[in-house]
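# Residue-level structural notes
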Amino acid sequence: MLKRLRELMAEVLEPQERLDRVVAQIATSMVSEVCSFYVLRADGVLELYATHGLKKGAVHQAQLKMGQGLVGSIAATADPLNLSDAQSHPAFRFLPETGEEKYHSFLGVPILRAGRSLGVLVVQSKKERIYAEDDVEAMETTSMVLAEMIATGELKKVTRPGLELDMTRPISIDADGYGGGVGLGYVVLHEPRVVVTDLLAEDIDAELDRLNIAVKSLRVSIDDMLSRRDVPLEGEHREVLEAYRMFANDRGWRRKMQEAVRNGLTAEAAVEKVQSDTRGRMINLSDPYLRERLSDFDDLANRLLRQLTGFTPSAIATGLPEAAIIVARNMGAAELLDYPRECIRGLVLEEGAVTSHVVIVAKAIGVPVVSQATGIASLAENGDSIVIDGDDNIVHLRPATDLQDAYADKVRFQAKRQEEFSALRDVEPISKDGVACNLLMNAGLVVDLPQLRASGAAGIGLFRTELQFMISSKMPKAKEQETFYRQVLSQAGNLPVTFRIVDIGGDKVVPYLRSAEEENPALGWRAIRFSLDRPGLLKTQIRALLRASSGAELRIMIPMVTEVYELEKTRKLIDHEVEFLSGHGYKMPSKISFGAMLEVPSLLWQLDELMAAVDFISVGSNDLFQFITATDRGNARVSDRFSPLDAPFLRVLRTIVEKASETNTPLTLCGELAGNPLTAMALLGLGFRSISMSPAAIGPVKAMLLSLDIGKLQTELLRSLRDTKSGHSTKEFLINFANENNISL
């Protein structure tokens, strides 16, 4: 049957004629009086596109909703139905226009692609019988060929005007917008599916050999992973790898793929068929454990497909469209930086929270981000048109032309608004009532530095030195670090730069530094804890910073401080390096300012000792909020449960402001709170006069500041925070204050 299908696909035929011949060929091969081909439309209706044996007038007229009748049930569950007497089945629905009442036996299989139901293929006979397992396999194999016809758009010519197929329908997905902004472009899947184009086998024995060799190689690679010395013998990761090994050695999985090859598929098409069948049946499961197992199985099947096709995911980065929207289930910050910045117009994630590192980096380089876009990685295809709206929290996949035009207008409006913000670049950030403030920017890459002047920032309040480590394939040498820091200071000119010493470990994985698996990495071996335990790494970085800052001020900030003694140990190490370099004739910085990040709650009970030990303080609002509220900032289920604008957290920040004022300690806040006009307004009302944010946020925040009476806000905000009985919303108070006082948000 497949040989004849291959010939039909190669012939120059109109789509309807091709479909009519295909269903006739299937009916003959399956020794059945009827073969029917139903296609899922964008409105959730399965329409009869071709039939052999039923009334011809029913083509493009017979319809069933998803879940309705036998055909609708197959599409909804992605499971075949094999019945000796179809009309006795409770789901049976009689369609009089088809003339199918005389047929009893029924075999229907879903037409699947990447686990999505695109239609249903059915054979029927007058005689009551159960079709053999080989028949079911043959039908499922044939359905792959029909799925490819749908996916390539060949059926558009025979689709009635005004109707769309589900495969190409526009989809809108609710999401969480992080930082606002709109992106228009074309989908680039971060981990693109391997597209199998060679479906039908020429030599079945050769394909079986290819499959068996690839499976054997896959098993060996997993065994190698488990036996590596740098993989700890215990922990949750071990269970994951053991699950991989279990799947790879599953005889049922291998047997299903071999059977698909014997039915005429190539090795890679067989892998895709079994993967799609499994995903189609499991995709609607709600049990988190089983969904994790599906993810494991998907990954394993993709590894096998890459082995068979020689596909390398990294190759996609070299052929990006000019307007690329990266779509991923999740990804690391370093992976995003692998893409050429000039091509990226947006990032869409299925997972990830506003304070996850990839989101922070995306915002730092000016890329609009939306997350929690459920199912986007499965629904999208490379090259699909897409619009992401971080303002209205939505993703439009394959949007209609008029919607795209509307968003193009919105982008032009935002560009005009950005020009207005750019006009404020040289305007002093002084509030309406004459309070001068310091608006700084966050950075971490050389690509960020031109934005220092363009944004009108007063300096760099947070330079994340770990990004150099995260994007390198090996540990940056002392000379490389020195050259990098010298370049940063040179481009900053006379503007201050605060270098945060390397904050790696925990969830910031650096591949060339071995670290043990941690159950709770945010609370684990990271930042200064890691650096003090690896003094060689810390000494190298400090030495590079000292040499790069010769003759200028060096501002060093220590992250993740828990107790003041950690600062004392770090300061001694810096003093030792200064003495060492001075003794060898190196010119030292004109001034060394030593600061700490306040992001661990224990420091709130050491404020006097902390202020005495440092030259300045910077509040890391992202981590401080996550630790105070015990909410994992990377866990979307809880990351939005509490707001940093809730009164308890704002009271904590006010306590810090009061202590800094009392001890005359310079204070800055760097974090997501500073980058939104509403939350930045709250910070100014609490008493912060120096805040650091992404470059793109400086214009909107400055516009807000220029229209704000800080004194009035502070009086009313502090009174509101002291009122513990009203149960009011601080966010609502701030919005009302802004509206009543014509403050630009």
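In short, a report on the structure. (Residues numbered from 1 in each chain as written. Predicted model: local features only at pLDDT ≥ 70, side-chain atom pairs only at ≥ 80, totals over all residues. Heavy atoms only, no water.)

Once that is clear, we can look at the nonpolar core. Judged by nonpolar contacts, the single largest core of 93 residues is most densely connected at Leu610, Leu653, Met681, Phe688 and Ile691. With eight residues, the top contributor of residues to this core is helix H22 (residues 647-663). Core analysis: the second largest hydrophobic core is formed by 30 residues, Val39, Leu118, Leu121 and Val136 among them. (Core = buried A, V, L, I, M, F, W, Y, C linked by side-chain atoms within 4.5 Å. Buried < 20%, exposed > 50% of the residue type's maximum accessible area, 1.4 Å probe, protein only. Helix = DSSP H or I, 4+ residues; strand = E, 2+ residues; numbered from the N terminus.)

Right, let's talk about the sheet that holds strand E12 (residues 369-371) for a bit. Strand pairs in the sheet, formed through backbone hydrogen bonds, run parallel or antiparallel to each other. Read across the sheet, eight strands follow the order E7-E14-E13-E9-E10-E11-E12-E8 without closing on themselves; strand pairing throughout is mixed. Of all the strands in the sheet, just strand E7 (171-174) and strand E8 (176-178) have a single pairing partner and so form its edges. For this sheet the average axis-to-axis angle between neighbouring strands, irrespective of direction, equals 30°. Bridging between strand E10 (residues 324-328) and strand E11 (residues 344-349) involves five bridges; their strand directions are parallel. Paired with Ala328 across the bridge in E11 is Leu349. (Pairing = 2+ DSSP bridges. Axes fitted to C-alpha atoms, helices over the stretch in contact; angles between N-to-C directions.)

Further remarks concern the pattern of salt bridges. According to the stated counting rule, one finds 24 salt bridges in the structure shown. Residues Arg571 and Asp615 are paired through a salt bridge, measuring 3.5 Å at the closest nitrogen-oxygen approach. Linking Arg571 in helix H19 (residues 564-583) with Asp615 in the loop between helix H20 (607-613) and strand E20 (616-620), this pair joins segments that are 44 residues apart in sequence. We classify Asp615 as partly exposed; its relative accessible area is 32%. Put simply, Arg41, Asp43, Glu47 and Arg160 are held in one network by salt bridges that share partners. (Salt bridge = Lys/Arg side-chain N within 4 Å of Asp/Glu carboxyl O.)

Tracing the backbone through its elements, the reader meets Thr570 in helix H19. Contact partners of Thr570, with chain neighbours within four places excluded, come to Ile528, Leu532, Ile558 and Phe594. (Contact = heavy atoms within 4.5 Å.)

With respect to the helices, strands and loops of the structure, His190 is situated in the loop between strand E9 (182-189) and helix H5 (204-227). Among the polar contacts listed, one links the side chain of His190 to the side chain of Tyr339, at a separation of 2.9 Å. (Polar contact = N/O pair within 3.5 Å; in protein donor to acceptor, adjacent residues only side chain to side chain.)

Counting across every chain of the model gives seven aromatic pairs. Measuring from centroid to centroid gives 4.6 Å for Trp525 and Phe530, while their planes differ by 55°, and the two rings are tilted. Accessibility expressed as a relative area gives 27% for Trp525, which makes it partly exposed. The class for Phe530 is buried, based on a relative accessible area of 2%. Between Phe733 and Phe737, the ring centres sit 6.2 Å apart and the planes meet at 40°, which makes this aromatic pair tilted. With a gap of four residues between them, Phe733 and Phe737 both fall in helix H26 (residues 730-740), about one helical turn apart. Take Phe733 and Phe737: they sit in the same class, and that class is buried. Members of the aromatic cluster, each reached through a chain of ring pairs, are Phe463, Phe484, Tyr485 and Phe499. Positioned above the aromatic ring of Phe616, the side-chain terminus of Arg555 is 4.2 Å from the ring centre. (Phe/Tyr/Trp six-rings, centres within 6.5 Å; stacked < 30°, edge-to-face > 60°. Lys NZ or Arg CZ within 6 Å of the ring centre and 35° of its normal.)

A word on the sheet that holds strand E1 (residues 34-40). Strands sit in the order E3-E2-E1-E6-E5-E4 across an open sheet of six strands; the sheet is antiparallel. Every other strand in the sheet has two partners, leaving strand E3 (63-65) and strand E4 (81-83) as the edge strands with one partner each. Each neighbouring strand pair of the sheet contributes to a mean axis angle of 20°, computed without reference to strand direction. Pairing of strand E5 (residues 105-113) with strand E6 (residues 116-125) involves nine bridges; the strand directions are antiparallel.

With that settled, the discussion passes to H22. For H22, with 17 residues, the first-to-last C-alpha span of 25 Å sits near the 24 Å given by 1.5 Å per residue. Within H22 the residues assigned to the buried category are Ala647, Phe649, Leu650, Val652, Leu653, Arg654, Ile656, Val657, Lys659 and Ala660. (Expected span 1.5 Å × (residues − 1).)

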